[in-house]
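Commentary on secondary and tertiary structure
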Amino acid sequence: MMNPGGAETAAVSLDELPVLPGPNRRSVIWVLLVQALNAFNDNFVKMLLVSLALTVAKGTQLGDNMMETLMLVFSIPFIVLAPTAGWLSDRFSKRQVIVWMQLAQMGCFGLVGAAVLLRDPHWSLWLGLVGFFFLAAQSTFFSPAKLGIIKEIVGTKRLGSVSGLLQMTMLSCVLAGIWAGGTCYQYLLEKGHSPWASMLWPIGVISVVGLLQLAVSTFIIQTPAHPDITFRKEVAWQHLGQLKLLFAKRPIRLAGLGISFFWLVSNAVGMIVVTLAAEMDRGPAEVSKLAALLGLGVIIGSLLAGVICRRRLELGLIPVAGFGMAAGLVAAGLVPLGGMQMYAALVGTGIAGGCFMVPLYAFVQDRSAPDERGRIMAAINLLDCVATILVGVIVVVLKKFGLSGGQQLMFFATAMALGTLYTMRLLPQDLIRFVGLAIVRSIYKVRVHHAERIPKTGPVLLLPNHVSYVDALILTAACGRPVRFVIWDEFYRSIWLNGFLRIFGTVPISPKRAKDAIRTVAAALKEGEVVCLFPEGQLTRHGMINELRKGYELMARQADAPVMPVYTDGLWGSFFSFEGGRFFGKWPKRLRYPVAVFFGEPLGAKQASTTLVRKVLSDLSAEAFVQRKTLLAEAENSHRQCRANAQRLLDILWIRRADRLWCALPTTSRLHQTLKAFCGLHGNAMLTECPSDAVKNVQAWVDAAQLRSLDAAPSLSAVYCVDPALDEPTRAAAAQRLGVPVLRGWADEATGALLALEVPEPPMPAGASDHQPGSLAGSVGRLLPGLGFEIRAGGLAIHGIAPGDATEILLRGMSLDDQGFVVFAPAAVAEE
């Protein structure tokens, strides 16, 4: 499709641009302005005609039923001319059609003005209806052009939010037109003008406004025409053909029916408010007030839906909004007439209606082919008008049966609830995802980095670190595409989880049938989907990345799918992580818990080894770590390295809540300052002056010389020695003498950066086959979170030690093993 952004963006998809080109941005404004004024004018004229009829023809058949007559007249062109209107928008540039329709509107105003000049109650009203019929015909041709042009101007990514603005501005001006038409007429009439003059002057004013619309429409950028779509006389009566085009694809068909159902209920409420006003024994002012409240709600709802759909179309919003509309109608039908509760219920119904409508329109615009979009939108308009006529008949029948306004609202509330239940069956995954993510976003504040790296289409295998039970929901919120998660098939045996997992299309695999697991995941990737597999195969119980299992390598290679490492930062310490030595069983530290998701560059299937994936995950963790707000505040502080060390100690499980710390190192040392900062951040940890029998569960930090002279004490629970002078024989002897684990670590002498640390063995569930060792002979501990690395011939290069510090540390003679332990290379071990 030709890009409407001009030559400068012809080769680039609009969705790939961080900001829309200037002409496109301005054109969005012009389209919004033109369609808003068009909606205002239509409803302004409608209310002028209703007001005139109530004044000069009161008591006549036409005068008392002008509103219903106008709705019928407005519907006829949408039904009769729908195929031609759709063809026109597909054949010619939609921008050109918009300009033509502004010219046509001026002619319609002239015809209505001429009708008023006759000053005859009978003929003026009938000729005014003819003018309004042509105004409706103008809207019939204008509607598919304005709805279809949005996708061509903004692309797919921004379509949801712009559609929300489109509906919001349109409904705002519908509401404004209804209010302004009746108000202007009444004002002029009360000032002593005749009914005819009270209508003629406003017609002259909106004719001037129409000139403004015409001028503005010419500033919209040119969009492509499709000259290959030729006109045939059959087009004029191809209503069934257009409906066939709409119904050809099930998703578009259902969305179109959903839009028409919305307008059926919406128009029903618009008619019922007249009955409600009559039951309250109030005049036209109350009708306008009730309609205005309903319209105000729709405006707010449309704006809200645009915000919710600003990154992607949230189809799960539709059933939620549907139930909201049903609840609002029930409330409006049950509460006392004319009270604040009824007014609030109508506003709430409108808000839900706006949220219901916007995703449906955006979905149809997005999924329709460029050369079919106009005809599809015209077919939807046709259905809307059929729905309008149908609902008029239903309301008349309900009145005949003597149903009050409240009872009529209950009737349509029931219809809305039944329709929403059907929608739930169609969109179970979208609904659960929407509700689930709404809950997640209320608890976690998710920031996404490098989302542009995710391929727009085609397969990709996500490989994230695994920290908590909500990782899948966090990743779903962060990824712009639907994600299928790989899960052990044993979870499918749970009655509670089975249906949920099937709805979400998770990929079940068995640890006992490795070959079948590889084929299953590869098949899902070959379908072009985003599949997420946690390569550790288990939740971390110490806060650091465990050994990566190699099965994903064969899965990616069989499907020839790129591999994308993903790092989630900030989840350790949340309610659903193992921080504190247990999942759950602890109070959340705060709501809107900050979490960052970093997407790595896609790796080729053949190059994505476990070593490379671990390196990318570590590099992403370093990038995430130095961007933490708590650390950025310390970027210029002389103690920033101690603060960074303390933060890394917070991100791993090495201390229990009841433990106390004793540091035998000088108070001026970096490690002593690190532990002091750690206690300040941890809240429950305390530095004790010296170990004594009165203080239990003491974790001692010593150097190699102090370790040799340290005496056994019942208060000790573990000893840490972050000293390069410590050798394995000394450590083993000390552990045997003291009767507690002696754990090693490594800190850089020049910068004071704590790089690696062994931790106590984390508790594992009974019967667990997996193991997460906290220590390893011949190592100095696991590489701590928030540090990047590179294995070189000369040793292990570490970077990302603190915010604002680009120092690279080379650990000569060291490397990193598959479990993430910093180990001595064979030559270094021999020397030691």
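As the structure is a computational prediction, the values presented were derived from the model and not from experiment.

A few points about the overall build of the protein chain
- Each helix and strand counted, the protein chain has 27 helices and 18 strands in total.
- Counting across all 832 residues of the protein chain, residues that qualify as buried make up 55%.
- Contacts in the protein chain between residues far apart in sequence, at least 24 positions, make up 74% of those at least 6 positions apart.
- Within the structure as shown, the protein chain displays about 34900 Å² of accessible surface, and the carbon and sulfur contribution to it stands at 63%.

A word on the pairing of strand 14 (residues 788-792)
- Of the pairings in the sheet, the one linking strand 14 to strand 15 (residues 795-799) comprises five bridges and is antiparallel in character. Opposite Arg792, over in strand 15, you have Gly795 as the bridge partner.
- Hairpin remark: strand 14 followed by strand 15, antiparallel, with two residues in the connecting loop.

Describing the confidence of the model for the protein chain
- Per-residue pLDDT for the protein chain averages 83, and the proportion of residues at 70 or more is 89%.
- Here residues 1-12 is a poorly scored stretch, pLDDT under 50, and it has 21 contacts once near neighbours within four places are set aside; other chains count.
- The model gives residues 828-832 a pLDDT under 50, and that stretch makes seven contacts with residues more than four places away or in other chains.

Section: the nonpolar core
- One finds Val45, Met199 and Phe412 to be the most contacted residues of the largest nonpolar core, which totals 124 residues.
- Looking at this core element by element, the count peaks at 15 residues for helix 13 (residues 340-367).
- Discounting residues that sit within four places of it in the chain, Phe412 has contacts with Leu264, Ala268, Ile272, Leu329, Val391, Ile394, Val395 and Leu398.
- If you look at the next biggest cluster of nonpolar residues, it comprises 44 residues, including Ala644, Trp654, Ala718 and Val759.

Quick look at the environment of Leu620
- Assignment of secondary structure puts Leu620 in helix 21 (residues 610-625).
- The exposure class of Leu620 is buried, given its relative accessible area of 4%.
- For Leu620, the contacting residues outside a window of four places in its chain are Arg453, Pro565, Val566, Tyr567, Phe598, Phe599 and Gly600.

What about unusual backbone geometry?
- Even without being a glycine, Arg119 presents a positive backbone phi close to 55°.
- As for its position among the elements, Arg119 is in the loop between helix 5 (94-117) and helix 6 (121-154).
- Assessed through its relative accessible area of 43%, Arg119 is described here as partly exposed.
- Notably, Asp560 is not glycine yet its phi reads approximately 50°, a positive angle.
- On the secondary structure map, Asp560 appears in the loop between helix 20 (551-559) and strand 6 (563-569).
- A relative accessible area of 63% places Asp560 in the exposed class.

Thoughts on the pairing of strand 6
- Among the seven residues in strand 6, seven count as buried, and that is most of the element.
- Neither face of strand 6 is open: one carries Val563, Pro565, Tyr567 and Asp569, the other Met564, Val566 and Thr568, and all of them are buried.
- Relative to strand 6, strand 2 (residues 460-464) runs parallel, the two sharing four bridges. Bridge pairing in strand 6 links Leu463 to Pro565.

Quick look at helix 13
- Its 28 residues give helix 13 an end-to-end C-alpha distance of 41 Å, which sits within 8% of 40 Å, the value for a rise of 1.5 Å per residue.
- Counted residue by residue, helix 13 has 22 buried out of 28 residues, so it is predominantly covered.

Looking at the packing of aromatic side chains
- For the structure shown, the criterion picks out 15 aromatic pairs.
- Ring geometry for Phe40 and Phe44: centres 5.5 Å apart, planes at 25°, overall stacked. Pair noted here: Phe40 and Phe44 are both in helix 1 (residues 22-56), with a separation of four residues, about one helical turn.
- On the numbers, 5.5 Å between centres and 90° between planes, the contact of Trp654 with Tyr720 is edge-to-face. Residue Trp654 is found in the loop between helix 23 (640-650) and strand 8 (660-663), and its partner Tyr720 is found in strand 10 (residues 716-721); the two are separated by 66 residues along the sequence. Residues Trp654 and Tyr720 agree in their burial class; the two are buried.
- Every member of this aromatic cluster is reached through a ring pair, and the members are Trp654, Phe678, Trp701 and Tyr720.

As for a nonpolar patch on the surface
- Taken together, the side chains of Leu72, Ile76, Val80, Ile389, Val393, Val397 and Phe401 make up a nonpolar region of the molecular surface, amounting to roughly 610 Å² of accessible area.
- By secondary structure assignment, the location of Ile389 is in helix 14 (residues 373-400).
- A relative accessible area of 34% means that Ile389 is categorised as partly exposed.

A few points about the packing of helix 1 against helix 5
- Interhelical geometry of helix 1 versus helix 5 gives an angle of 20° and a closest axis separation of 12 Å. By the angle between their axes, helix 1 is roughly parallel relative to helix 5. Seen along the crossing, helix 1 lies across helix 5 with a hand that is left-handed. Between helix 1 and helix 5, the residues in contact are Val34, Asn38, Asn41, Asp42 and Val45 and Ile98, Gln102, Gln105, Phe109 and Val112, respectively.

Observations regarding the sheet that holds strand 16 (residues 809-812)
- With antiparallel pairing, the three strands of this open sheet are ordered in space as 14-15-16. Both outer strands of the open sheet, strand 14 and strand 16, are each paired with one neighbouring strand and no more. Put simply, the sheet's adjacent strands are angled 20° from each other on average, direction ignored.
- Sitting on the sheet, helix 21 is in contact with strand 14 and strand 15, with an inclination near 145° to strand 14.

The rules we used
- Residues numbered from 1 in each chain as written.
- Predicted model: local features only at pLDDT ≥ 70, side-chain atom pairs only at ≥ 80, totals over all residues.
- Heavy atoms only, no water.
- Helix = DSSP H or I, 4+ residues; strand = E, 2+ residues; numbered from the N terminus.
- Buried < 20%, exposed > 50% of the residue type's maximum accessible area, 1.4 Å probe, protein only.
- Contact = heavy atoms within 4.5 Å.
- Areas by Shrake-Rupley, 256 points an atom, 1.4 Å probe, with all protein chains shown as cover.
- Pairing = 2+ DSSP bridges.
- pLDDT = per-residue confidence, 0-100.
- Core = buried A, V, L, I, M, F, W, Y, C linked by side-chain atoms within 4.5 Å.
- Expected span 1.5 Å × (residues − 1).
- Phe/Tyr/Trp six-rings, centres within 6.5 Å; stacked < 30°, edge-to-face > 60°.
- Patch = residues over 30% accessible without salt bridge, like charges linked within 9 Å, V, L, I, M, F, W, Y side chains within 5 Å.
- Salt bridge = Lys/Arg side-chain N within 4 Å of Asp/Glu carboxyl O.
- Axes fitted to C-alpha atoms, helices over the stretch in contact; angles between N-to-C directions.
- Parallel < 35°, antiparallel > 145°, perpendicular 65-115°, else oblique.
- Left-handed = near helix turned anticlockwise from the far one by under 90°.

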